[in-house]
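Here are the chains, one letter per residue:
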Amino acid sequence: MGRFKFQTVFPFNVVGLTLELWFSVENSRFHQGLYTLERYCRDYILIPKMHSHSSSSIRWPSIFFLATLFVNPTFASLPMVDFSRMGQVGLAGAFAGLSLFNNATAITFDPSVSSLLARTGEGALTTLGTTNAGGSIQSGCAINDIFYFAGSFSSIGNTSVSASNIASYTPSSGVFAALGSNGPNGPIYSLYCDVSTSQLWVGGYFTSPGSSVAIWNTKSNSWSAPPFEGFIGDGAEVFSITSNASQNSLFFAGSFLTSFAANITALNDTNNPNIPYSPGATPFSSSLVPVPLEGAEILGQPSSSDPQFADILNVLCPAGPDGPGNTWLAANGNGAVITIRDFSSINAYGVRLGNTFQSGFGTTSFSVTSIPDNTVQTLSYVNPSTGQNMTCTAVCPLSTDSSILYQDFIFTAPVTLTGLQITLSGWTGEAPGLHMLQLLSSGAFASSSGNLQSCFSPGPSNTASTGQWTTKDAVTNIPATLQTVLVSPVAVGTSPSQGPSFTWQPYVSASGQYDIYLVIPGCADFQDCPLRTSVQVTVFPGSGSQPWVSTISQQVQSDTTTLVYSGPIVPSSTDFVTTVTMTLANDPEGTGQDGQYELVAGDVALVLTSANVTSAAGSGSSGSNATSNSQHGFGFFEWPLSSSAILDATGTIPNTSETSLDMISIDLYNALGATTSSTTFVTAVAQHPSGTVYLGGNFQLVSGSTSGVSNIVAFSSGSFISLPYNGLNGPVTSFVLSGNELYVGGSFTDTNIASTQGKLKGVAIYDVTSNSWKAMGAGVDGVVNSLALANGQIVVAGNFTEALNSSTAGVSAGGLATWSVSTGSWVNSGGFVVGNMTFIGNGTLPTSSQKQTQFVAGNVDTMAEYGASGLVMLSSGGSTSPLVTPIGIQLSSSVTNVSSPATITKRYPHVRRGPSAWISHLNIGTLFTRQSATSSALPPVPPAPAPAILAGAFWTNVSTSHQVAIIGGNFSFSSSSTTSSAVAIYDTVTSSISALSGAQISGIVRAVYVDQKQQLFVGGEFNLTGTSASGLALYDLSAQQWDTSSMQPLQAPAGSSVVVRSITSSTYKSDAVIVAGSFAQAGSVSCQAICLFDTTLNQWSSLGSGIQGDISSVSYAGNNQDILIAAGSITLGGSTTNVAQYNFANSTWAAVGSSADIPGPVTAMTVNDGNSSSIFAAGRTADGSSPFMMFWDGVSWSSVGSSLQGTTNISQLLMVPLLNTHSANSIIESDRMLMISGALSDSSFGSASSILFDGSSFIPYMAAVTAQGALGSISSLFYSLANFSFTQQQFLATGIVILISIAIAAGVVFLLALIGILWTLLSRRDDRVAKYNASDDDDDDNSVQHRPSSLLEHINAATRTTILGAPGPLNVIGAEKDEAARKAITAEPDPFGPDGSNYLRAETPSDAVVGTMAAEEEFTRPAHARYPFDGTGEGELPLTAGLEVEVLDDRDAAWWYTRNPQTGQEGVVPAAYLY
C-alpha cells in the first residue's frame, strides 16, 4: 500500500464566525505532523501552514461530521511561543517584577484603596478586587473552599459588592459576597476560622452583635454574639484571635479589661488607717507611701494675699480639714505653678492632689512636669463617677465634688526625678487652690543617709549598722544634686561575721506584693572602684516568711538597682518590720586596694506590684488593682471551645469559668502598674507546645519580676518571664511559631537593651531552645504588619522597601518579603508588589501534592505577577501562556554605577545561531561607493538601575551536571560571606548563586559567552581588579580562575573607554570568537569596533579591512553561518551604512542596502533563521528623537515600526518559534514571530517591555516594572540550544486521531477487500483456461490461488496497525494461520508469487500486496530509501534519501523491518519510502 497523505477541512461556527480547520494525516500511525483540535480552537489564527510533499497529497472533502463541538469563544490573547525548542530559556533585564499581557493583573493601582491579591505556592500574584477608597483589609482565614477577610470597608471586588467590613471570596468561582446584613458595626482587626465547627470568630471594635467579638455561622449564615458577650474597658478592641497549642481553646488579645471574681482570701488589707478613704484613690495607690518633702524647696506662685492661705507647706500633710492653715490658694485671677525641688534622687510613682472647696475657689485642671527632664507626665487615674481608668497629659481634670477628698494620679511607670512642677491651669471662681499635695513613692523606701517621717505614717523608716560607717558624697550628673552614701572599710580576708553590716528597715504602709531593690551607688562617681567587692544581702519580709539571700556585686561603674526580693509583705501589727541586711560576701570578689575592701550602703526601694495579697502570693504573680471581691485583668482572655458556659465578660467573670491561663491577664494588669490606656495593647499571642505563652504588643511592664520588659513577654509555670535583654524596643504586631523558633514582626530595631547592633529591624527570631534572639539578615527598612508561614517560608508583609542582608545591603521588597526557613536567608517572593501591605495569610489547606496558596492585602502602588531581580526562566507548558520561574535569590542594588560615554548603548548579547537551510539566492550586499558621509553616534544607554541583569549564557557545570546560567549586569550579591558584583553563576536547579573566584569586576557586564573549551568571555564596561583587563576578560570555568595571560586586552580610542556589547561565534569559524562594541584595537591589532579572537592560537585578528564606528549587535546568515551581519553606527570606506555584512569566505565587507534607508544608528538587529534576505534592525533616528524598526527583504529596507512612540528604546530583536501559527505574510513565516525587547511604547497598546511582531502587527507580550514602580526594561532573551528548528510538530487530540484512524481503517479494509475480490476473479478465470487435472478436483476449495487464509492475512497486515495499534516488527498474524500459509506455499507455488508465471514486479516494493519473505528465513534483499525518514519513534530506523538498506521482514504492507548495513542498526521504516 502506498503512503497515503490527505487533508480535510472542518467547517464550524464559533460565536458567529465560520472557521475552517485544516489538518493533515500522514501514514497509518498518526504520530507525526498532527495538531490538536483544542489548540486550533484557542489560537488566534486557525489555519496553520502544512508541510508536505504536494505530489503525494490528496485533498479530500470533509469525511467527518462533528455532531457537537464545544469551543471557548475567547481566543488567547498571547501567541504561544515554543520555548521548549530553544532549550533552557532566560529572560533578563532591569526589572523587579514581570507580568504577562494575557493576565488580568494590573500594573498600576490606586493606593487609596485596599487591594486583595492571590498568591500562588510559587509566589505569583494576581489581583482579585479592591475596596472602596479609604478602605483597609486587616485579617483573613479560610473555611473549606471559601476565604473570609475583614477590615474597614464598605465595598469589595471589581464589581463593588456592598459589604460592611467583612466579606467572603470563593476562589473556584471568583465571586465576592457579603456576610449577612447585621454583622459587626465597626472595624474588624482579627478573624479565626474554626474549621471543625464551621464558625468564623470575629474581633475588632464594635458593639453589635457582640461587644468587640462576634460569630458568623457558615452553615446557618447568621451572626451571633459570643457566649461570653464580649469585652469593654480601655480601647475595647480585639486585635488577635488565635488558638492554643492543642487547638481546643481560643486566645483573645487586645486592649480591654476583664474582672474576675476573687477565689482567694486576702491576708491583710491596707495597714495605713491614718489615710482617709477617697473614691479618687484605689487600694493600690493608697498603699504607696508618700515621699517626705519637709527638706525640699517648695514654691507656690503667685500665692493669695490672705496669709491664712498663702503657705504652700500647709498642704503637704494637712493637720485638719480644708480651711485656713490647711489650704493654699493662688492669687485672684491667676493660674499658679507649684515647684518642688528636693536636690536628691527620688523614685516616684505619682502625685496625690486634694482640691479646695473654699467658696469662690477651686482647681479644675492641671499638669505635672518632672524635673530635671522637663517632661510633661502622662497620668492615670480613676474617674470617681464611673470607676473607669482614665489617662491625661497636658490637661488633667481635678474633681470639684466635695465628697472627693483627694485623687491619686499615677505615672505610667516609676520615674526617677529630683523634683516636679504642678501647673494649675484651670479654676473655678476667683483662683485655683489645693488642700492636699503629696508625692507618692513607688511603694516604700529607706535611705542609709537619713529618713524623714512620711505623711500619715506612724514613724519613719529606720536603719541599723555594725562596724564603722562614714558619710561619702559624690556629685551626680543631675545639676545641683548631691549623692550621699555610707561606706565602711573592711580588711581583705575578714570573715562576714567579723565584718561590718548595715540594715534597712523601711516603713511599709500596706499589705501587698512587693519587689525590693538594693540601689548600688556607682564607683565612678565616688572614685573608689578598686576598693569595691561583693556583698551578701538578706531580706526578712516578716510574718514568718522565709528570708531571701542574694550575693550582689558592688563593682559597678554607675548606679545600679538589683532585685533582692519579690513576694508578699504583710504588716500584721503596729510593730511589724521588714529588714534588708547587707554584709560582706562569703567569697568576696576583687583584690581590694592596699589590703582593704569598702562596703557601700545606699538606698532600698520597695516597688508595689499588687495591693491584693493572697494565699497564693509569692508565686511570682502580681496582684491586682481590684476591690476585695474581684481582680482586674487586661488584654488577654482564654475561652475553651468545648465550654457550654454562658457568662458576661463585660462584667465580673465567676471563678468557676476562670482558666489557669486567665492569670495572664491579671498578672499583666498588675505588671503594668494597674494603670492601662487605649495606647497599651496586646496584638499577638502564641503558645509553644511546652505550654509557654508568648505575648507581644505595645506595653512596658513596670512592676514585678519583669519590670523593665517591653513589648514582648513570656508566661510559664504561673508567672511572667522576661525574654533576653528585656524584650524589644518597639511595638510587636505579629507572631509566627515554627517549631522552636518564634518569628516576631513589628516596628522595632533591636532588643530593649541593645544587643544586636540594630539588626532586628522590623523582624526577629526568638529561639525557644537557646533562649536567644536571632536576626533575619538585618531585617527590613520599615514596619512589619503581618507574618505567615507557608511552604517552608516566612512571608513578611508591611510598609517597607527593602529586605536587608546581614551587611545591611538591601534587596528590593516593596511591602512583601520572603525568608527561607531552611537556608536562613531572604529569597525571591515570587511576585512583586510596591505598597503598604497590611495582611498576609494562608488560604485553604492544600493537598499533599500542592503548595500552600495565600492571600495578600494592602494599599498597592504597583504590582507584577512575578517578582525577580532582573531574571526569570521561561518554558512552554502553560495552557495560554508560558511558565515563568523567577530567579530564586535576591540581588542587591548596592553597586557602583559606571558613567557611560554618550556613544555607548546597551548590550545586546546574541546567542549563536545554528546553520540554516536557507541559502540566499539574492544579492544582499550592495558594495559601498566612496562618498562623504559621517555616521551618527550610538544613542545613550537607557538607564539600567541596579539590580539589573543585562546578559546571560547557559553552561553545563561538569562538577554538578547542572546546566547553569551565567549572568552579567549591574548588580551585587552576597555569597559565602563575601559580596560580589556584575557577574555570577546561577544554578536553576538549586536556586543558588555563586561568584567567580579571584578578582572582582568593577563596572557593568553587558555580554557573556562560553566557548567549546569551557572559557567564559565577559564583556562590558568595567575593570577587573588587579589586572589590565578593560571591558573584556577571560575566565577559565574548568580551572575556576581568571585567565589573564591568554588574551591581550582591548584598547579604547583616546578620551573614551572600552565597551563590549556583543560576544558571539560562527559555526564557519568554530575556533574563533567575535567581539564587538566600542574600542580601537585588541592588543597590537588594529580592529575598530569588531575583532576576531582565535581560541586555539590565542591571537587577535581583524575581519578583512575592518570598519569604523561602533557596533551594538552581531548575527549570522548563510547555510554555515559564513556571513556575519553587524549593526550599530558603522562607516565603510567613508560611507555610513549602520548595517554591514562580512563574508568569511572572501574576507570582504559590504553594506546591507542603502545607507539612506536606515534613519539612524542601530541598537538591535537579528537575522531570520540565517536567511540573509530577512533581517530586522531597530534603533533611534540620527537626531535621537524617535525610534525605528526596519526590515531587509534582500532588495531594500522598509519600515515596519511606524507606530512605535518616541520613548521607545529597543534592546534586542530575536526570532522565536511558535506552537500555534499566524497568517503567513511576506515578512515573517507563520510558524515564528519576532520578539522585540526593551522599554517600548506604542500607540496601540501603550507601554510594554517585550512585544511580538507577526509581520503585520505588534502584540504586547510582557511588561516589566522596577522596584520603584516605574516601567522596567527587558535586555535580552538567551537560550541553551545554539541550533533549533522553527518547523512545528503538530498533533491532533487523541479522540480525533481515533476517529480518523477508524475511518481510514474502514476505507483500507474496503479497498483491500475489493482488490482481493478482483484478484480472486482473475485467478479463477486463469484456472478455466489452464489444463484440467482430475487429481485436483477435490482440492479446488483449498487451491493456492484462492486460499482464503492468504487473503485474510493480506487484509489483517494492512489494517491491524490502524485499528489496533502498531505491533512489533516481527509480529505476524495468528500462529495457526501462519502455519496454514506456510503449508500452502510449500504444497503449491503461488502463481502471483515471486517465482510464479503470473508475477509482475511492482514499481516499488510497497506496491506488492503481500510480503514475500518468511520471518524465520535467513533471507534478506536490498532496497533503497526514496525519501528521508527521521526515525525518532521507538523501534524506528532513520533513513536518508538514497540510503541502501537490507529488508529483513516485509510481511506488513505498511511497515518493513530493515537493517542499515553501514551501522548494523535495525528498525521499522515506512514501506512506501523504499524502492
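Everything numeric here is computed off the predicted structure, so don't read it as measured data.

Parameters at a glance
- Residues numbered from 1 in each chain as written.
- Predicted model: local features only at pLDDT ≥ 70, side-chain atom pairs only at ≥ 80, totals over all residues.
- Heavy atoms only, no water.
- Helix = DSSP H or I, 4+ residues; strand = E, 2+ residues; numbered from the N terminus.
- Buried < 20%, exposed > 50% of the residue type's maximum accessible area, 1.4 Å probe, protein only.
- Contact = heavy atoms within 4.5 Å.
- Areas by Shrake-Rupley, 256 points an atom, 1.4 Å probe, with all protein chains shown as cover.
- Core = buried A, V, L, I, M, F, W, Y, C linked by side-chain atoms within 4.5 Å.
- Phe/Tyr/Trp six-rings, centres within 6.5 Å; stacked < 30°, edge-to-face > 60°.
- Lys NZ or Arg CZ within 6 Å of the ring centre and 35° of its normal.
- Pairing = 2+ DSSP bridges.
- Axes fitted to C-alpha atoms, helices over the stretch in contact; angles between N-to-C directions.
- Patch = residues over 30% accessible without salt bridge, like charges linked within 9 Å, V, L, I, M, F, W, Y side chains within 5 Å.
- Salt bridge = Lys/Arg side-chain N within 4 Å of Asp/Glu carboxyl O.
- Disulfide = S-S within 2.5 Å.
- Polar contact = N/O pair within 3.5 Å; in protein donor to acceptor, adjacent residues only side chain to side chain.
- pLDDT = per-residue confidence, 0-100.

A. Quick peek at the overall build of the chain. A count of helical and extended segments in the chain gives seven helices and 97 strands. Burial analysis of the chain (1475 residues in total) assigns 56% to the buried set. A fraction of 62% describes how many contacts in the chain between residues 6 or more apart in sequence connect residues 24 or more apart. Element-wise, carbon and sulfur atoms account for 51% of the exposed surface of the chain, whose accessible area totals about 57,400 Å².

B. Representation of the nonpolar core in the model. Grouped together as the largest cluster of nonpolar side chains are 66 residues, with contacts concentrated most on M1189, I1236, F1253 and L1277. The contacts of L1277, once residues within four sequence positions are left out, are F83, M86, V89, G90, L91, L874, Q1212, L1214 and M1235. Core analysis: the next-biggest nonpolar cluster, separate from the first, contains 61 residues, L288, Y349, V508 and Y514 among them.

C. How the structure looks around the packing of aromatic side chains. Counted under the stated rule, the structure contains 46 aromatic pairs. Plain terms: the ring middles of Y381 and F409 are 5.4 Å apart, the flat faces sit at 45 degrees to each other, and that makes the pair tilted. Linking Y381 in strand β25 (residues 379-382) with F409 in strand β28 (residues 407-427), this pair joins segments that are 28 residues apart in sequence. With a relative accessible area of 10%, Y381 lands in the buried category. Among the residues examined, F409 registers a relative accessible area of 0% and is labelled buried. Of the aromatic side chains, those joined through ring pairs into one cluster are F147, F149, F153, Y169, F176, F839 and F855. The ring of F1286 carries the charged tip of R1232 above its face, separated from the ring centre by 4.2 Å.

D. Representation of the sheet that holds strand β88 (residues 1197-1199) in the model. Ordered by their spatial adjacency, four strands build an open sheet running β85-β86-β87-β88, and the pairing between neighbours is antiparallel. Because the sheet does not close on itself, it has two edges, and the strands there are β85 (1162-1168) and β88. Mean inter-strand twist for the sheet, computed between neighbouring axes without regard to direction, equals 25 degrees. Both β85 and strand β86 (residues 1171-1180) contribute to a ladder of six bridges, which runs antiparallel. When the sheet's bridge partners are listed, A1164 is paired in β86 with A1178.

E. Geometry of unusual backbone geometry. In this model, Q301 is joined to P302 through a cis peptide bond whose omega is -10 degrees. Assignment of secondary structure puts P302 in the loop between β20 (297-301) and β21 (328-329). Along the chain, I371 connects to P372 via a cis peptide bond; the corresponding omega equals 20 degrees. As for its placement among the helices and strands, P372 is situated in the loop between β23 (363-371) and β24 (375-376). Backbone geometry at S991 places phi at a positive 55 degrees, although glycine is not the residue there. Relative to the assigned elements, S991 resides in the loop between β67 (978-987) and β68 (992-994). Positive phi, close to 55 degrees, is recorded for N1098, a residue that is not glycine.

F. Highlighting the pairing of β86. By the criterion of burial, β86 is predominantly enclosed, with 10 of the 10 residues buried. Note that β86 and strand β87 (residues 1187-1192) share six bridges and pair antiparallel. Looking across to β87, one finds that I1175 is bridged to W1192. In sequence, β86 turns back onto β87 through a hairpin of six residues, with G1184 there showing a positive phi of about 75 degrees.

G. Representation of a nonpolar patch on the surface in the model. Together, F1310, L1314, I1317, L1318 and L1321 make up a nonpolar patch on the protein surface, roughly 520 Å² of accessible area in all. By the element assignment, L1321 lies in helix α5 (residues 1294-1329).

H. Quick look at the sheet that holds strand β34 (residues 501-505). Pairing is antiparallel across the open sheet formed by five strands, whose spatial order is β31-β34-β39-β36-β37. At either margin of the open sheet sits one strand with a lone partner, and together these are β31 (462-466) and β37 (548-553). Strand after strand, the sheet turns through a mean of 20 degrees between neighbouring axes, direction not considered. As paired elements, β34 and strand β39 (residues 579-584) share four bridges and run antiparallel to each other. Each bridged residue has a counterpart across the sheet, and for F502 the counterpart in β39 is M582.

I. Representation of the state of the cysteines in the model. Using the criterion set out here, one finds five disulfides in the structure. Covalently, C392 is tied to C396 through a disulfide, its sulfur atoms 2.0 Å apart. Handedness here is read from the sign of the S-S torsion; for C392 and C396, about 105 degrees, the answer is right-handed. By the burial criterion, C392 is buried, and C396 matches it. Across a sulfur-sulfur distance of 2.3 Å, C1087 and C1091 are joined as a disulfide pair. Disulfide C1087 to C1091: torsion about the S-S bond roughly -85 degrees, handedness left-handed. Taking relative accessible area as the criterion, C1087 reaches 3% and is therefore assigned buried.

J. Structural view of the pattern of salt bridges. Considering all chains together, one arrives at 16 salt bridges under this definition. A salt bridge links R1421 to D1450; the shortest N-O distance between them is 2.9 Å. Of the two residues, R1421 sits in strand β94 (residues 1421-1424) while D1450 sits in the loop between β95 (1444-1449) and β96 (1455-1459), which places them 29 residues apart along the sequence. A single salt-bridge network, built from bridges that share partners, covers K472, D528, R532 and E598.

K. Structural view of the environment of I1130. Secondary-structure assignment places I1130 in strand β81 (residues 1123-1132). A relative accessible area of 0% means that I1130 is categorised as buried. Taking the C-alpha atoms as reference points, I1130 and A937, 193 residues apart in sequence, are found 9.0 Å from one another.

L. Structural detail: the environment of S114. With respect to the element layout, S114 can be found in the loop between β5 (97-100) and β6 (115-119). By relative accessible area, S114 is classed as buried at 1%. As a C-alpha pair, S114 and T838 span 724 residues in sequence and 8.8 Å in three-dimensional space. There is a polar contact of 3.4 Å between the side chain of S114 and the backbone nitrogen of I137.

M. Up close: the side chain of R1006. Relative to the helices and strands, R1006 is located in strand β69 (residues 1001-1010). A distance of 2.9 Å separates the side chain of R1006 from the side chain of E1021, its partner in a polar contact.

N. Structural view of the confidence of the model for the chain. Averaged over every residue, the pLDDT of the chain is 81; residues scoring 70 or more account for 81%. Segment residues 614-628: pLDDT under 50, and 48 contacts once partners within four positions in sequence are set aside and those in other chains are kept. Note that residues 1329-1418 has pLDDT below 50 and, in this model, 107 contacts with residues that lie over four places away or in other chains.

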